[in-house]
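Secondary and tertiary structure notes
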Amino acid sequence: MKSSLLAFLAVGVAHSAGRLLHATRHGLVPDTVTSNVIPMRKHIVPSSQHRSSVVKPVYRRTADVNHPANLTNVHDVYYIVDIIVGNQTLAVSVDTGSSDTWFVSDYFECIRFWWQGPEYKPNCGLADGFTGNLSGGVLDNPPFVRSYMDTTFVSGYYGFEDVTVGSITAKNQRVGVVNYTFWAGDGLTSGLLGLGYPFMTSLDGAEQNQAPYDPVFTTMWKNKLIDPLFSIALSRESGDQGEPDGEVRTPEGSYLALGGLPPVEVDEESWARTKIHGVDAIPEWMFEQSDLGLYIIKPDSWVYGRETEDVTPAEADQGAVTTHGLTTNTTQFPVLIDVGATLSLLPKGLVQKLYAAFDPPAKYLSTNGLFFALCNATIPKFGVNIGENTFYFAPEDLLRQTARDPSGEYCRIGVTDVNGGPYVLGVSFLSSVVAVFDIENTEMRFASRTKY
């Protein structure tokens, strides 16, 4: 790995027919479309079922205890794949913001909390679970536990079973089986397919210091079943306001590709690369070690505004500059790339400028807890600079016509502001790009998708 990485650095940003090259143990090669492609189904949860927030399983360290970090997100869009566990097919949500693969058992207890009242009937939104026994047996200790800041949690046990994703099978894979939970699912999935690094599996249980294990994707590439990378292409719905929410759609071009690229068209001249950083890059987590845990990058800058806008003196003092009427903020900060997050979560100072750039400006709706704009508002530009390329959010992802307030007049903004990290680029960003998660070279690559 070291020798190939040194060769890669010596060559720099080499291209082949416009396509960015990456280093492998076989030398420099371009990303290629793989046959190990799994179509993803998209499920939009009806507005009436939206929870105000769902918090992802990421952690910060305080003294000797890890606590979930406050990562608020309206979780109304799910990308679903089928996996085969033993000989049973289960639908799971794809998640780059966690590492475990877990699913409920055929019998699990869905609980309510005291504040929901005795008349509340628990509904965890989980589909049919795994039946029978795991062929590789179970672990008596440690238990499988994941806790979330919005009080949701999953609890159960670890076991071993063959797990197949597409045509690739991870033999005797360690998985989590959930039998006790307070959850907020979409009603169609039985669990999660976590695609993060092994390090995140160590942050589990009451002590949160168990030995890490290899998740499904790691097992696959370590056994040389695939190259050590995967890529994701997310497609949005058609945007037709006549389509009822709650439908499951299979839009053209939603794929999880193991070991290569998905079969979608991209602008080959737009490829850009950036380093994946360790967990210590996010100060709110308070980790001292630099282990790779999730897909953390540091974009070069951010672009926002309308063509007629000028930079104020205060904005200039904060590193903002104007080019062709758009404001570029060169402040760098770490962000997670997370397919499990519907919205993108970014610093309040940056996002407030985006809200103000809508015409008329976006406003906070207390009943929904987020910023909305009139559904026919003029939408500004908003983009992230990675390498020498700017990747702009699509207008339909910045102003989400499928997520409306009760009046139907206001639509949700696809970016929300938070007071502190971790920050996130979620589905509202990923719907416009192909994202390559390259483990061997510890980097991410992005290319703009052609209009679809």
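An account of the accompanying structure is given in this report. Predicted model only: the values in this text are computed from it and were never measured. (Residues numbered from 1 in each chain as written. Predicted model: local features only at pLDDT ≥ 70, side-chain atom pairs only at ≥ 80, totals over all residues. Heavy atoms only, no water.)

**Some details on the packing of aromatic side chains**
Convention followed: A pair of Phe, Tyr and Trp rings is counted when the ring centres sit within 6.5 Å of each other, with Trp represented by its six-membered ring. The angle between the planes then sorts it: under 30 degrees is stacked, over 60 is edge-to-face, the rest tilted. Numbering of helices and strands runs from the N terminus, with a helix taken as a DSSP run of H or I at least four residues long and a strand as a DSSP run of E at least two residues long. Our definition puts a charge over a ring when NZ of Lys or CZ of Arg is within 6 Å of the ring centre and also within 35 degrees of the ring normal.
For the structure shown, the criterion picks out 21 aromatic pairs. Aromatic side chains F333 and Y423 sit 5.2 Å apart centroid to centroid with 70° between the ring planes, which places their arrangement in the edge-to-face category. Here F333 is found in the loop between β22 (326-329) and β23 (335-337), whereas its partner Y423 is found in strand β32 (residues 423-425), with 90 residues between them in sequence. Site record: aromatic cluster; members linked through ring pairs are W302, F333, F382, F391, F393, Y423, F429 and F446. A cation over an aromatic ring shows up here: R174 above the ring of Y158, its NZ or CZ 4.0 Å from the ring centre. Over the face of the ring belonging to Y392 we find K381, whose NZ or CZ atom lies 5.6 Å from the ring centre.

**Observations concerning the state of the cysteines**
A covalent bond between the sulfur atoms of two cysteines is referred to as a disulfide. Operational definition: Whenever a pair of cysteine sulfur atoms sits within 2.5 Å, that pair is classed as a disulfide.
Inspection of every chain in the model, using the stated rule, returns two disulfides. Each sulfur in the disulfide pair C110 and C124 lies 2.1 Å from the other. An S-S torsion of about 95° defines the bridge between C110 and C124 as right-handed. Residue C110 is located in strand β10 (residues 101-110), and its partner C124 is located in the loop between β10 and β11 (144-147); the two are separated by 14 residues in the primary sequence. A sulfur-sulfur separation of 2.1 Å characterises the disulfide bridge that pairs C375 with C411.

**So, helix α4 (residues 348-357)**
As a reminder, the rule being used: Working definition: with a 1.4 Å probe on protein chains only, accessible area under 20% of the residue-type maximum means buried, over 50% means exposed, and in between means partly exposed. Working note: the arc is built from the helix axis to C-beta atom directions.
Buried residues of α4: L350, V351, L354, Y355 and A357, and no others. Projected onto a plane normal to the axis of α4, the buried residues spread over an arc of 165° and lie on a single side.

**Considerations on the pattern of salt bridges**
For clarity, the cut-off: Salt bridges are counted wherever a side-chain nitrogen of Lys or Arg sits within 4 Å of a carboxyl oxygen of Asp or Glu.
In total, this model carries 10 salt bridges according to the counting rule given. The shortest N-O distance in the salt bridge between R41 and D82 comes to 3.0 Å. You can see R41 sitting in strand β5 (residues 41-44) and its partner D82 sitting in strand β8 (residues 77-85), a full 41 residues away along the chain. Its salt-bridge partner being R273, residue E443 comes within 3.1 Å of it at the nearest N-O pair. One end of the pair, E443, is in strand β34 (residues 443-448); the other, R273, is in strand β18 (residues 272-275), with 170 residues separating them in the sequence. Judged on exposure class, the residue E443 and its partner R273 are both buried.

**Considering the pairing of strand β12 (residues 153-165)**
Each regular strand carries side chains that alternate between the two faces of the sheet. Test applied: Each pair of strands is called paired provided DSSP finds at least two bridges between the two strands.
Burial within β12 is extensive, with 10 of its 13 residues counted as buried. Summarising the sheet, β8 and β12 pair through three bridges and their orientation is antiparallel. Opposite I84, over in β12, you have T164 as the bridge partner. In the sheet, β11 pairs with β12 via four bridges, with the strands oriented antiparallel.

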